[in-house]
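So the chains spell out like this:
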Amino acid sequence: MGNATSSHAETKTLAPTLVSRLTRHVVSASGDTTTTTAPFTGKPLAELPVSSASDVAEAFERAREAQRSWAAMSPRDRVAPFLRFHDIVLDRQSEILDIIQWETGKARRHAFEEVYDAAAGTLYYARQAPRLLRRRRSIGAVPGATRTYAHHQPKGAVTVITPWNYPIALPVGDAVPALLAGNAVVAKPDTQTALSALWAIDVAVEAGLPEGLWLPVLGEPAEIGDPLIDGADYVAFTGSSAVGAKIAQRAAGRLIGCSAELGGKNPMIVCEDADLDRTVEGAVRACFSNAGQLCISMERVYVHDAVYDAFTEKFAAAVRDMELNSALDFSADMGSLTYQRQLDRVSAHVDDARQKGATVVAGGRPRPEIGPLFYEPTVLADVEPTMRACADETFGPVVSLYRFSDENEAVERANATDYGLNASIWTRDVNRGRRLAERVRAGTVNINEGYGAAWASYGAPMGGMKRSGLGRRHGAEGLLRYTEAQTVASQHYVGLGGPPGMDGETLARTMTLGARLMKRFRIR
Ligand code: NAD
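All of these numbers come straight from a predicted model, not from anything done at the bench.

Focus: the domain arrangement of the protein chain
Argument step 1. Considered domain by domain, the protein chain is made up of domain 1 (17-262 + 476-483) and domain 2 (266-458).
Argument step 2. Taking only C-alpha atoms, the centre of domain 1 and the centre of domain 2 are 30 Å apart.
Argument step 3. Each partner contributes to the interface: domain 1 provides 30 residues, whereas domain 2 provides 32 residues.
Argument step 4. Between domain 1 and domain 2, roughly 2,500 Å² of surface is buried when both sides are summed, and carbon and sulfur atoms account for 58% of that area.

Here it is, written out as structure tokens:
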């Protein structure tokens, strides 16, 4: 495992002209900067501007100004820049793939997944937003005499806060529907991976999105965290459950809405009738995409007794075969971790499990000779509840295998967690898979796939139950969360007080008769 091919990242750097083209978008007046580090090499990567609380206030002011004329346009007229954005992202993918690899240390194949996602998710909303935002007529107070419709006003200025693990997919995925719904966006990407988000903003402006509508700020949560909530009309947050709860509390204090896409400890169930070769291929992707730094990746695999040994053998062989390297091409199966704190956490979970008696079936070691933050894809067995890897989110390339003997037990154990983000079920009988899926408490369940099938079904909602989140992205929900529904009703022919001169008792009798007739003829 992990042949260290020549580390191309050692011999290349990010072009300074590219960095300055991207950082000019950041709202930052002070001239203060911070320097990021390349995970592949441990060397300085880019110097980025830092925003203060007053820069955040300035960003909201500019965003609100730009939003006024944007909101006055019809949804159909807002679409064109996003269709062009889709094309530019695909055309210039090699530029953004390099940036993502530099900032995160992930393998190019995993960077490609999110570049593809940024384009495809944008296209979904560009095509669907006019339909989803259409006026909807509804039966009025007095059918025929009251004409009623509901429509959607934009919230105004939306804050989008995103983490470092999917640095283009998440900022784009949350900002684009907000913009198409007529809002402006103030974006706070994680500083380590800000260039990827800034690249997306740069492309959107090039594609014709009016300046000032999608404004980035960068900085420490202690300085700009609260101002980002206090200035917004809605907050879309993606990150850890602990921070999500804080943000939800602050948003609640202001009576503004928020969505929170949070952590997971996602279960995979392998039934005795699963196609094992397909399952193993899927499990490798499901557990080790982006080195497991993926909120919807699998960290617990429950395997039926009848196939446990065969699955374990094939899975361990496939994992040992994975190529780890830091090349800026498609040769790696898995890349580096992004932060030292991730490496520390992964090492701590594996060491703790090993010390308490777990079996390391594959992997289990850091690989500093490939890059400072590389860790082997790791498979554990005999993991007990006293071990951290059992219930805490590792958010790294570590998965635990467990046996089960009947499917009720599998569902019960899959649900025995505070999280409820994603789950995966493997069986040749899809109807059985669906029956099991509906008993699992998770926002998405993938059958015969780990995460991609549900995630990339953009028309269907995506999000977490329990401590995994609040609200949904994707689908109608992912767009309408950024709007206020408004009902407009007009009264025609007769007033609600009845015809002139009708006394109260007659009015009550007439209305009672009307209520009965409406029920009888199913008008209501
Ligand atoms: P984090 O919560 O520490 O940080 C996420 C973002 O929030 C960063 O931009 C950070 O700077 C910002 N932030 C932190 N404290 C803040 C505050 N008080 N106010 C405003 N902003 C604040 O999360 P992380 O460790 O960077 O990311 C990993 C976590 O994100 C994991 O738990 C993972 O499961 C989760 N995640 C969830 C999804 C999803 O869609 N459900 C997607 C990706 C990651």
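Once you've had a look at it, read on.
With respect to the sheet that holds strand β12 (residues 359-362)
Paired through their backbone hydrogen bonds, the strands of a sheet run either parallel or antiparallel.
Argument step 1. In space, the seven strands of this open sheet follow the order β12-β13-β14-β11-β10-β16-β17, with mixed pairing throughout. The sheet is open, and its two edges are formed by β12 and β17 (444-447), each paired on a single side. The mean angle between the axes of side-by-side strands here comes to 25 degrees, regardless of whether they run parallel or antiparallel.
Argument step 2. In this structure, strand β16 (residues 422-426) lies alongside β17, joined through four bridges in parallel fashion. Bridge pairing in β17 places Ile-425 opposite Ile-447.
Argument step 3. Packing against the sheet, helix α10 (residues 276-288) makes contact with β10 (266-270), β11 (298-304), β13 (378-381), β14 (398-404) and β16, and its axis sits at approximately 175 degrees to β10.

Considerations on the UniProt feature "active site" (unreviewed entry) in the protein chain
Argument step 1. UniProt marks Glu-261 with the feature "active site" (unreviewed entry), using the numbering shown here.
Argument step 2. Mapped onto the elements, Glu-261 comes out in strand β9 (residues 257-261).
Argument step 3. What makes Glu-261 buried here is its relative accessible area of 4%.
Argument step 4. In contact with Glu-261, not counting residues within four places along its chain, are Phe-237, Thr-238, Gly-239, Met-462, Gly-463, Gly-464, Ser-468, Gly-471, Arg-472 and Arg-473.

A look at a nonpolar patch on the surface
Argument step 1. Taken together, Ile-139, Leu-513, Leu-517, Phe-521 and Ile-523 make up a surface patch of nonpolar side chains, about 500 Å² in accessible area.
Argument step 2. Mapped onto the elements, Leu-517 comes out in helix α18 (residues 504-520).

Examining the site of the ligand
Argument step 1. Thr-162, Trp-164, Ser-240, Leu-262 and Glu-393 are the nearest of the 25 residues found near the ligand.
Argument step 2. Take Thr-162: an N or O atom from its main chain is 2.8 Å from an oxygen atom of the ligand.
Argument step 3. One nitrogen or oxygen atom from the side chain of Trp-164 is found 2.8 Å from an oxygen atom belonging to the ligand.
Argument step 4. Within the complex, the protein chains bury 89% of what would otherwise be the 850 Å² of accessible surface of the ligand.
Argument step 5. In a pocket analysis with a 2 Å cut-off to the grid points, the ligand is assigned to the largest pocket.
Argument step 6. Of all elements in the fold, only α8 (221-230), β8 (234-238) and α9 (241-253) reach the threshold of two or more residues within the shell around the ligand.
Argument step 7. For the shell around the ligand, the per-class residue count stands at twelve nonpolar, seven polar and six charged.
Argument step 8. Mapped onto the domain boundaries, the shell around the ligand takes at least three residues apiece from domain 1 (17-262 + 476-483) and domain 2 (266-458).

Description of the side chain of Asp-55
Argument step 1. Among the structural elements, Asp-55 can be located in helix α2 (residues 53-72).
Argument step 2. Within the buried set, Asp-55 has no salt-bridge partner at all; the shortest N-O distance to an opposite charge, 7.9 Å, is to Arg-62.
Argument step 3. Sequence-distant contacts of Asp-55, that is, excluding residues within four places in its chain, are made with Val-27, Ser-28, Ala-29, Val-50 and Val-217.

Describing the pattern of salt bridges
Any two side chains of opposite charge can pair, given that their charged atoms come close.
Argument step 1. If you walk through the whole model with that rule in mind, you get 33 salt bridges.
Argument step 2. A salt bridge links Lys-265 to Glu-299, with the nearest nitrogen and oxygen atoms 2.8 Å apart. Residue Lys-265 is located in the loop between β9 and β10, and its partner Glu-299 is located in strand β11; the two are separated by 34 residues in the primary sequence.
Argument step 3. Classification of Glu-299 by relative accessible area gives buried; the value is 2%.
Argument step 4. A salt bridge links Glu-272 to Arg-432; the nearest nitrogen and oxygen atoms lie 3.3 Å apart. With Glu-272 in the loop between β10 and α10 and Arg-432 in helix α15 (residues 430-437), this residue pair connects regions lying 160 residues apart in the sequence.
Argument step 5. Judged by relative accessible area, which is 35%, Glu-272 ranks as partly exposed.
Argument step 6. You can call Arg-432 buried: its relative accessible area is 12%.
Argument step 7. Ionic contacts of the salt-bridge type, sharing partners, join the residues Arg-21, Arg-24, Arg-92, Glu-95, Asp-202 and Glu-206 into one network.

Re the packing of aromatic side chains
Argument step 1. For the structure shown, the criterion picks out nine aromatic pairs.
Argument step 2. Here the aromatic rings of Tyr-124 and Tyr-125 are separated by 4.8 Å at their centres, their planes lie at 70 degrees, and the arrangement is edge-to-face. Considered together, Tyr-124 and Tyr-125 belong to a single accessibility category, that of buried residues.
Argument step 3. An angle of 20 degrees between the planes, with centres 5.1 Å apart, marks the rings of Tyr-302 and Tyr-402 as stacked.

A look at the sheet that holds strand β3 (residues 136-139)
Argument step 1. The three strands lie next to each other as β3-β4-β20, forming an open sheet whose pairing is antiparallel. A strand with exactly one partner marks an edge of an open sheet, and here the two such strands are β3 and β20 (483-491). Taken pair by pair, the neighbouring strands of this sheet meet at an average axis angle of 30 degrees, ignoring direction.

Observations regarding helix α11 (residues 305-320)
Argument step 1. In this model, α11 (16 residues) spans 23 Å end to end at C-alpha, consistent with the 22 Å of a helix rising 1.5 Å per residue.
Argument step 2. Along α11, the helix axis deviates most sharply at Phe-311, where the bend reaches about 30 degrees.
Argument step 3. Within α11 the residues assigned to the buried category are Val-307, Tyr-308, Phe-311, Thr-312, Phe-315, Ala-316 and Val-319.
Argument step 4. The inward-facing, buried residues of α11 abut β10, α10, β11, β12, β13 and β14.

Cut-offs used in this document
- Residues numbered from 1 in each chain as written.
- Predicted model: local features only at pLDDT ≥ 70, side-chain atom pairs only at ≥ 80, totals over all residues.
- Heavy atoms only, no water.
- Domains from an automatic or database assignment.
- Contact = heavy atoms within 4.5 Å.
- Buried area = accessible area lost by both parts, 1.4 Å probe.
- Pairing = 2+ DSSP bridges.
- Helix = DSSP H or I, 4+ residues; strand = E, 2+ residues; numbered from the N terminus.
- Axes fitted to C-alpha atoms, helices over the stretch in contact; angles between N-to-C directions.
- UniProt positions renumbered as here; feature names shortened; annotations may be inferred.
- Buried < 20%, exposed > 50% of the residue type's maximum accessible area, 1.4 Å probe, protein only.
- Patch = residues over 30% accessible without salt bridge, like charges linked within 9 Å, V, L, I, M, F, W, Y side chains within 5 Å.
- Areas by Shrake-Rupley, 256 points an atom, 1.4 Å probe, with all protein chains shown as cover.
- Salt bridge = Lys/Arg side-chain N within 4 Å of Asp/Glu carboxyl O.
- Near = heavy atom within 4 Å.
- Polar contact = N/O pair within 3.5 Å; in protein donor to acceptor, adjacent residues only side chain to side chain.
- 1 Å grid on protein atoms, 1.4 Å probe; cavity = no way out; pocket = protein on both sides within 12 Å on 5 of 7 lines; lining within 4 Å.
- Sits in = over half its atoms within 2 Å of the grid points.
- Nonpolar A, V, L, I, M, F, W, Y, C, P; charged D, E, K, R; others polar.
- Lys, Arg positive; Asp, Glu negative; His and termini not counted.
- Phe/Tyr/Trp six-rings, centres within 6.5 Å; stacked < 30°, edge-to-face > 60°.
- Expected span 1.5 Å × (residues − 1).
- Bend = angle between axes of the 7 residues up to and from the residue.

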